[in-house]
Amino acid sequence: MKRILVTGGAGFVGSHLCERLLKEGNEVISLDNYFTGQKKNIIHLMDNPYFEVVRHDVTSPYFVEVDEIYNLACPASPIHYQYNPIKTVKTSVMGAINMLGLAKRIRAKILQASTSEVYGDPRVHPQTENYWGHVNPIGLRSCYDEGKRVAETLFMNYHTQNNVRIKIVRLFNTYGPNMHPHDGRVISNFIVQALKGQDITVYGDGQQTRSFQYIDDLINGMVKMMDSEDDFIGPVNMGNPGEFTILELAKKIIDMTGSRSKIVFQPLPADDPMQRKPDINLAKEKLKWEPKIPLEQGLKKTIAYFDQLLKEDSSI
Ligand code: NAD
Ligand code: UDP
């Protein structure tokens, strides 16, 4: 049995990770300030005596004895990370410093949830790990993108300077149950709009692309990465290479929900990346990992989740 700290444990990805790590027989501590996370995501784990919940902000130091740290604390949806951009930078940068300092002190292994946003609006397609990216350092998304880039820098520096055992995973767009219905990301927005018969808000002309990975595939990959040989530190891409335009996604969700919603076009937010698709050859080779769940299958489960949620709570 390992003792494992998950920062951002009440969030979308964090809650699935806590559940998986508990299922494998580990002791798990979820640390969260509940900015975008919800207790509802982890309440079903609360009666497990090997699960602990801590309300804490990663921008302040935190001390605990653990074997592994998954550092996920950070709002991931553009509307939430842009709500208080200075705080977003602090969460990524000071959060990384605090968690790396802890890992150094207690000799824990630490994994960083980095992002495809380190590639910005990419000029290389699909994105490989050795591409340095195309990021606007002063744009609307920079608090998130540059914060995550500095976090990667800190991870590498703590590794080379202090021999901290690190793992860097670059997550591409991930979706599934436990996403907040008002999170603002495209899949949750479109499904909730479709189920409620509201207009589907496509930003721009909808020709921008994304590659969507179902949560279970990501969790398998993250755990494999943490358990991999110490000399494989990444960064490694984790995503589903199936690439879709946002308009295709809107039509698919209308189709699958049988909704009468209409598509409406709204302005494209500044610096919105035009295309995104992971090259996952490194993960295939080093981790023997690749996603298994195609978009339609994952959407079916996610639609069922939101359908149930809307039935339980009419105020959503
Ligand atoms: P989320 O917003 O659902 O979860 C983030 C969690 O971190 C929330 O529970 C939030 O309350 C918590 N948090 C935020 N600031 C904090 C702080 N200062 N101190 C303590 N807790 C704090 O987002 P998610 O989709 O679960 O993302 C998890 C991680 O994965 C994030 O680091 C995100 O950048 C990364 N990521 C996610 C995706 C994706 O598509 N889901 C893609 C790329 C990267
Ligand atoms: N998007 C959209 N309508 C929405 C929400 C998002 O058209 O209601 C678009 C957004 O402009 C972007 C893509 O969908 O091009 C993915 O957005 P999301 O916020 O999910 O994640 P991103 O990959 O941009 O961080």
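First things first, this report covers the structure right here in the doc. (Residues numbered from 1 in each chain as written. Chains lettered and ligands numbered in written order. Predicted model: local features only at pLDDT ≥ 70, side-chain atom pairs only at ≥ 80, totals over all residues. Heavy atoms only, no water.)

## Digging into the site of ligand 1
Part 1: Within the structure, ligand 1 sits among 31 residues, and Val 13, Asp 32, Thr 36, Tyr 144 and Lys 148 are positioned closest to it.
Part 2: Contacts to ligand 1 include Phe 12, whose backbone N or O atom sits 2.9 Å from an oxygen atom.
Part 3: Asp 57 has a polar side-chain atom sitting 2.9 Å from a nitrogen atom of ligand 1.
Part 4: Relative to its unbound accessible area of 810 Å², ligand 1 is 97% covered by the protein chains. (Near = heavy atom within 4 Å. Polar contact = N/O pair within 3.5 Å; in protein donor to acceptor, adjacent residues only side chain to side chain. Areas by Shrake-Rupley, 256 points an atom, 1.4 Å probe, with all protein chains shown as cover.)

## Topic: the site of ligand 2
Part 1: As a structural note, the neighbourhood of ligand 2 is formed by 18 residues, with Thr 201, Tyr 203, Arg 210, Asp 272 and Arg 276 the closest of them.
Part 2: Side-chain polar atom of Gln 208 to an oxygen atom of ligand 2: 3.0 Å apart, as the coordinates give it.
Part 3: Between ligand 2 and Asp 272 there is a distance of 2.6 Å, counted from an oxygen atom to a side-chain nitrogen or oxygen.

## A few points about the pattern of salt bridges
A side chain with one charge may pair with a side chain of the opposite charge, provided their charged atoms come close.
Part 1: According to the stated counting rule, one finds 17 salt bridges in the structure shown.
Part 2: Of the charged contacts in the structure, one is a salt bridge between Glu 117 and Arg 276, with a shortest N-O distance of 2.2 Å. Of this pair, Glu 117 sits in the loop between strand E5 (109–115) and helix H4 (142–162) while Arg 276 sits in the loop between strand E13 (263–266) and helix H8 (281–287), and the two are 159 residues apart along the sequence.
Part 3: A residue is classified by how much of its surface remains accessible, and Arg 276, at 4% relative accessible area, is buried.
Part 4: Asp 121 serves as the salt-bridge partner of Arg 123, at 3.8 Å between the closest nitrogen and oxygen.
Part 5: Accessibility expressed as a relative area gives 18% for Asp 121, which makes it buried.
Part 6: Here the salt bridges share partners, and the residues they tie into one network are Lys 2, Glu 68 and Asp 227. (Salt bridge = Lys/Arg side-chain N within 4 Å of Asp/Glu carboxyl O. Helix = DSSP H or I, 4+ residues; strand = E, 2+ residues; numbered from the N terminus. Buried < 20%, exposed > 50% of the residue type's maximum accessible area, 1.4 Å probe, protein only.)

## Regarding helix H9 (residues 295–312)
Part 1: The end-to-end C-alpha distance of H9 is 26 Å, a good match for the 26 Å that 18 residues give at a rise of 1.5 Å each.
Part 2: Among the residues making up H9, those that are buried are Leu 295, Gly 298, Leu 299, Thr 302, Ile 303, Tyr 305, Phe 306, Leu 309 and Leu 310. End-on, the buried residues of H9 take up no more than an arc of 165°, which puts them together on one face. Pointing more than 90 degrees away from the buried face of H9 are the exposed residues Lys 300, Lys 311 and Glu 312. (Expected span 1.5 Å × (residues − 1). Arc of directions from axis to C-beta.)

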